[in-house]
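Chain and residue survey
Single-letter residue listing:
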Amino acid sequence: MSVPNNFEGFQAPNAENYLDFQKGSWEPRPFGDHDVDIKIECCGVCASDLHTISGEWGGCPYPLAVGHEVVGKVLRVGSKVTLAKEGDRVGVGAQVYSCLECRQCKNNNENYCQHQIDAYGAKYLDTGFTTQGGYSSHTRIHEYWVYPIPEALSSPDAAPMLCAGITVFSPLKRFGAAPGKKVGIVGIGGLGHYGVLFAKALGAEVWAISRTRSKEADARKMGADGFIATNEEGWAEPHKMTFDLIVNTASSTDGFALKEYLSLLDIHGRWNSVGLPAGEGAAIRNQDFITNGCFIGTSHIGSRSEMLEMLQLAADKGIKSWVEQIPLSKEGLQQAMKNIETSTVRYRTCMVNYDDAFGN
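Residues numbered from 1 in each chain as written. Predicted model: local features only at pLDDT ≥ 70, side-chain atom pairs only at ≥ 80, totals over all residues. Heavy atoms only, no water.

Partitioning the chain into domains gives domain 1 (7–163 + 303–309 + 321–358) and domain 2 (165–298). The C-alpha-based centres of domain 1 and domain 2 are spaced at 28 Å. Carbon and sulfur atoms supply 55% of the area buried between domain 1 and domain 2, which totals about 1700 Å² over both sides. On the domain 1 side of the interface with domain 2, the three residues burying the most area are Glu306, Trp322 and Tyr347, jointly 42% of the side's total. The tally of links from domain 1 across to domain 2 stands at two salt bridges. The partner of arginine 174 in a salt bridge is glutamate 306, with the nearest N and O atoms 2.6 Å apart. Where domain 1 touches domain 2, the interface holds 13 residue pairs in polar contact (both at pLDDT 80 or more). (Domains from an automatic or database assignment. Buried area = accessible area lost by both parts, 1.4 Å probe. Salt bridge = Lys/Arg side-chain N within 4 Å of Asp/Glu carboxyl O. Polar contact = N/O pair within 3.5 Å; in protein donor to acceptor, adjacent residues only side chain to side chain.)

Right, dumping it as structure tokens:
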């Protein structure tokens, strides 16, 4: 199958009409020796897509196709590519470039490279071309950020793992989620449901933590060993200083009882936030974590090695995403974005039927 000169995609035209997706086309950056051209099969929907095109996170280069949880088929590889071949089913996540030369890159921390480039709305410094995301017919990616998808994973299952999954898997893996450890997952949504699934797959004792018990049945089906509802009186008392790690996926800090959450951690336990709520965030006081000496931090997606490990773990353990499939179209994207705005997604969305949108 040949690669077109121009790629097509559904683009947000501006911040004022960000849901008025229009099909546009653009010239991709010049094809390089390490590049891989991919015909996209499906793409997961992330809240970051909505925050970006709505202008909530600041300006972006319109018209812009977002989407950064891509699965598709390799159509062409550059002369120096060794990590993919034509015909492979592969995935691409939220990062599509780093320098591969700096200290971070050489220590398997390329997701923290100062020169990283995001999957959409970012400029390649050498060419000036702006990245366009996965609500598109094709994408052109450096081989390092192209990941083979295990045969045991369906494409719609795998796609949301490429951002949401890796965002929680990385801190779980780095901070010791394993047998004998007690891990809490705050927020049972698009990120949090993967937190429960992967923490359990890694062998930890897993507790889901949410404002109410409305998602308790779901969390237990995902594998949660216990459930804590923070709207209940004295919710923190039975668990004080018992958690080794808590991963916070909450998308809002309104009424957030950080002091109580931190009290759950054991000595030098870790609180790691991966959600990106708008606003000023929660206030932190030294007095709130001096009693257990816990560590507070955050993390950014994951490295290539972590991505490959996560996908293989999902395949080996039979992990299935809780994902809703919506055919790709202007109306389909509008519905997906509105489901995020109204928090009605259970628990990720994947845009599918790309051939109907772009043809074969």
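On we go from here.
Taking 1.5 Å of rise per residue, twelve residues should cover 16 Å, and helix H9 (residues 330–341) covers 17 Å from first to last C-alpha, within 8% of that figure. Burial in H9 covers these residues: Gly332, Leu333, Ala336, Met337 and Asn339. Taken end-on, H9 shows its buried residues confined to a sector of 155 degrees, consistent with a single buried face. Positive phi appears at serine 343, one or two residues downstream of H9, with a value of about 55 degrees. (Helix = DSSP H or I, 4+ residues; strand = E, 2+ residues; numbered from the N terminus. Expected span 1.5 Å × (residues − 1). Buried < 20%, exposed > 50% of the residue type's maximum accessible area, 1.4 Å probe, protein only. Arc of directions from axis to C-beta.)

Turning next to the UniProt feature "domain: Alcohol dehydrogenase-like N-terminal" (unreviewed entry) in the chain. Mapped onto this numbering, the UniProt entry gives "domain: Alcohol dehydrogenase-like N-terminal" (unreviewed entry) at residues 32–151. Here residues 32–151 is 9% helix and 29% strand, with 28 Å between the C-alpha atoms at its ends. (UniProt positions renumbered as here; feature names shortened; annotations may be inferred.)

Pairs can form between side chains of opposite charge once their charged atoms are near each other. Across all of its chains, the model carries 17 salt bridges by this definition. The shortest N-O distance in the salt bridge between arginine 29 and aspartate 35 comes to 2.9 Å. Of the two residues examined, arginine 29 and aspartate 35, each falls in the buried class. Salt bridges linked by common partners bring Arg213, Glu216, Arg220 and Glu232 together as one network.

Right, let's get into unusual backbone geometry. Leave glycine aside and you will find that most residues have negative phi; peptide bonds, for their part, are mostly trans. The peptide bond linking tyrosine 62 to proline 63 adopts the cis configuration, its omega dihedral lying at -5 degrees. Residue arginine 346 is joined to tyrosine 347 through a cis peptide bond whose omega torsion reads 0 degrees. Among the secondary structure elements, tyrosine 347 is positioned in the loop between H9 and strand E17 (348–352). With a phi angle near 60 degrees, asparagine 108 is a residue other than glycine that sits in the positive phi range. By the secondary structure assignment, asparagine 108 is in the loop between helix H2 (103–106) and strand E7 (117–118). Accessibility expressed as a relative area gives 44% for asparagine 108, which makes it partly exposed.

The next point concerns the pairing of strand E12 (residues 226–229). Judged by which residues are buried, E12 turns out to be covered on both faces: Gly226 and Ile228 on one side and Phe227 and Ala229 on the other are all buried. As paired elements, strand E11 (residues 205–210) and E12 share four bridges and run parallel to each other. Each residue of the ladder has a partner; that of isoleucine 209, found in E12, is isoleucine 228. Where the polypeptide runs from E11 across helix H6 (residues 216–222) and back to E12, its parallel neighbour, the crossover connection is right-handed. (Pairing = 2+ DSSP bridges. Right-handed = clockwise from strand over helix to strand, strands pointing away.)

With that settled, consider the sheet that holds strand E15 (residues 295–298). Pairing in this open sheet of six strands is parallel, and the strands run E12-E11-E10-E13-E14-E15 from one edge to the other. Looking at strand neighbours, the two that pair on one side only are E12 and E15, the edges of this open sheet. For this sheet the average axis-to-axis angle between neighbouring strands, irrespective of direction, equals 20 degrees. Bridge analysis of strand E10 (residues 182–186) against strand E13 (residues 243–248) gives four bridges, and the strand direction is parallel. Directly across from glycine 184, in E13, lies its bridge partner isoleucine 246. On the sheet, helix H4 (residues 164–174) packs against E10, E13 and strand E14 (265–273) and is oriented at approximately 160 degrees with respect to E13. (Axes fitted to C-alpha atoms, helices over the stretch in contact; angles between N-to-C directions. Contact = heavy atoms within 4.5 Å.)

Further remarks concern the side chain of threonine 52. With respect to the secondary-structure elements, threonine 52 resides in helix H1 (residues 47–53). When neighbours within four sequence positions are excluded, threonine 52 is seen to be in contact with Trp57, Gly58, Cys60, Tyr62, Leu64, Val66 and Tyr120.

For the coordinates displayed, the defined rule picks out twelve aromatic pairs. Seen from their ring centres, tyrosine 194 and phenylalanine 198 are 6.0 Å apart, and the 20 degrees between their planes marks the pair as stacked. With tyrosine 194 and phenylalanine 198 both in helix H5 (residues 192–201) and four residues apart, this pair spans about one turn of that helix. Phenylalanine 198 shares its class with tyrosine 194; the two are buried. Relative to tyrosine 261, the ring of tryptophan 235 has its centre 5.2 Å away and its plane inclined at 55 degrees; by these criteria the two rings are tilted. Taken together, the positions of tryptophan 235 in the loop between E12 and E13 and tyrosine 261 in helix H7 (residues 258–262) put the pair 26 residues apart, joining distant regions of the chain. Neither tryptophan 235 nor tyrosine 261 differs from the other in exposure class; each is buried. The structure contains a cluster of three or more aromatic residues connected by ring pairs, namely Tyr97, Tyr124, Tyr144 and Trp145. (Phe/Tyr/Trp six-rings, centres within 6.5 Å; stacked < 30°, edge-to-face > 60°.)

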